[in-house]
Amino acid sequence: MPHMLLIHEPVGQRATRSDPEGRAVYDRMLRWGDDLKARGLLLGAESLASTEHAVRVSTGGGRARIVDGPFAEAKEMVGGFFLVNVDTREEAVALAQTCPAAEWATVEVRALAPCFET
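Residue numbers here run from 1 along each chain, matching the order of that chain's written sequence. With pLDDT at 70 or above as the cut-off, local features in this predicted model cover only qualifying residues; side-chain atom pairs require 80 or more to be listed or tallied, and sums for whole chains, interfaces and linings still use all residues. Note: side-chain values were computed over all heavy atoms of the structure, leaving out hydrogens and water.

K.L.:
Help me understand the packing of aromatic side chains, please; the structure alone is not making it clear to me.
P.N.:
To describe a pair of aromatic rings, one takes the distance between the centres and the angle between the planes. Ring pairs shown here join Phe, Tyr and Trp side chains whose ring centres sit within 6.5 Å, with only the six-membered ring taken for Trp; geometry is labelled stacked below 30 degrees between planes, edge-to-face above 60, and tilted in between. Taken as a whole and assessed by the stated rule, the structure comprises 1 aromatic pair. Ring centres of Trp32 and Phe82 lie 4.8 Å apart, and the angle between their planes is 85°; on these two criteria the pair is classed as edge-to-face. Residue Trp32 is located in helix α1 (residues 19–38), and its partner Phe82 is located in strand β5 (residues 76–85); the two are separated by 50 residues in the primary sequence. For the residue pair Trp32 and Phe82, the accessibility class agrees, reading buried in each case. For a lysine, the NZ atom is tested; for an arginine, the CZ atom; a charge sits over a ring if that atom is within 6 Å of the ring centre and within 35 degrees of the ring normal. Above the face of the Trp104 ring, Arg17 is positioned so that its terminal group lies 5.3 Å from the ring centre. One cation-aromatic arrangement involves Arg56 over Phe71; the distance from NZ or CZ to the ring centre is 3.8 Å. A helix here means a DSSP run of H or I that spans at least four residues, while a strand means a run of E at least two residues long, and both kinds are numbered starting from the N terminus. Think of it in three bands: with a 1.4 Å probe and only protein chains considered, a residue is buried below 20% of the maximum accessible area for its type, exposed above 50%, and partly exposed in between.

K.L.:
Looking at this structure, I do not really get the nonpolar core. What am I missing?
P.N.:
In globular proteins that are soluble, nonpolar side chains generally tend to be buried together. Only buried residues count toward a nonpolar core, which is a set of Ala, Val, Leu, Ile, Met, Phe, Trp, Tyr and Cys residues joined through side-chain atoms within 4.5 Å. One finds Leu5, Phe82 and Leu95 to be the most contacted residues of the largest nonpolar core, which totals 18 residues. Sorting elements by how many residues they give to this core places α1 first, with 4 residues. Working rule for contacts: check all heavy atoms of both residues, and any pair within 4.5 Å makes them a contact. In this structure Phe82 touches His3, Met4, Leu5, Ile7, Met29, Trp32, Gly33, Leu36, Leu42, Gly44 and Ala45, once residues within four positions along its chain are discounted.

K.L.:
Explain the layout of surface pockets to me, please; I cannot follow it from the model alone.
P.N.:
The gaps left among the atoms become clear once a water-sized probe is rolled over them. The pocket and cavity definitions rest on a 1 Å grid over protein atoms only: a 1.4 Å probe that fits but cannot leave marks a cavity, an open set with protein on both sides within 12 Å along at least five of seven lines marks a pocket, and residues lining either have an atom within 4 Å of a point. Grid points are joined across faces, edges and corners, and a volume is the space filled by probe spheres set on the points. When its volume is computed, the largest pocket comes out at roughly 500 Å³. Around the largest pocket sit 24 residues that line it, and Tyr26, Met29, Glu46, Ser47 and Gly79 are the ones nearest its centre. Tallying contributions element by element places α1 first for the lining of the largest pocket, with 9 residues. Class assignment of the residues belonging to the lining of the largest pocket gives a composition of 11 nonpolar, 6 polar and 7 charged. We call Asp, Glu, Lys and Arg charged. Ala, Val, Leu, Ile, Met, Phe, Trp, Tyr, Cys and Pro are nonpolar, and the rest, Gly among them, are polar.

K.L.:
In this structure, what is going on with the pattern of salt bridges? I would like to understand it.
P.N.:
Any two side chains of opposite charge can pair if their charged atoms end up close together. The rule for a salt bridge is simple: a side-chain nitrogen of Lys or Arg has to be within 4 Å of a carboxyl oxygen of Asp or Glu. Counting across every chain of the model gives 6 salt bridges. Its salt-bridge partner being Arg14, residue Glu9 comes within 2.8 Å of it at the nearest N-O pair. Judged by its relative accessible area of 5%, Glu9 is buried. Across the salt bridge formed by Arg28 and Glu103, the nearest N and O atoms sit 2.8 Å from each other.

K.L.:
Help me understand helix α2 (residues 89–98), please; the structure alone is not making it clear to me.
P.N.:
The α-helix winds at 3.6 residues per turn, so residues separated by three or four positions along the chain end up facing the same way. Looking at α2, one finds that the buried residues are Ala92, Leu95 and Ala96. For α2, the buried positions fall inside an angular range of 100° around the axis, keeping them on one side. Opposite the buried face of α2, by more than 90 degrees, sit the exposed residues Glu90 and Gln97. Residues of α2 that are buried sit in contact with β1 (2–10), α1, β5 and β6 (106–111). For this quantity, the arc is that covered by the directions from the helix axis to the C-beta atoms.

Read these as geometric descriptors, not functional statements.
So, in structure tokens, the structure goes:
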């Protein structure tokens, strides 16, 4: 049963780290992902760039609305994700508790499902 572990981190948090600190954090995350892969649990993982150069697009009402980042109202950003394949929600939550990012961010656990399911 695939689950997405979304890493929600405070906007601007990355800028508070020195380059060596940032690389050390990133290396911890890579090692954690490598462990998941070795155990046959990892389907995919990526780190996302900050929202500084992101763009939000909506087309409600038949008009395109494009908003360039950074987004002043945002207090958090999705910094990355791990897509894992586990048997239960409880297993996904247990993995999230071992994720290094849980020390400085929030790890949201969500099952994959069609958008028409609740």
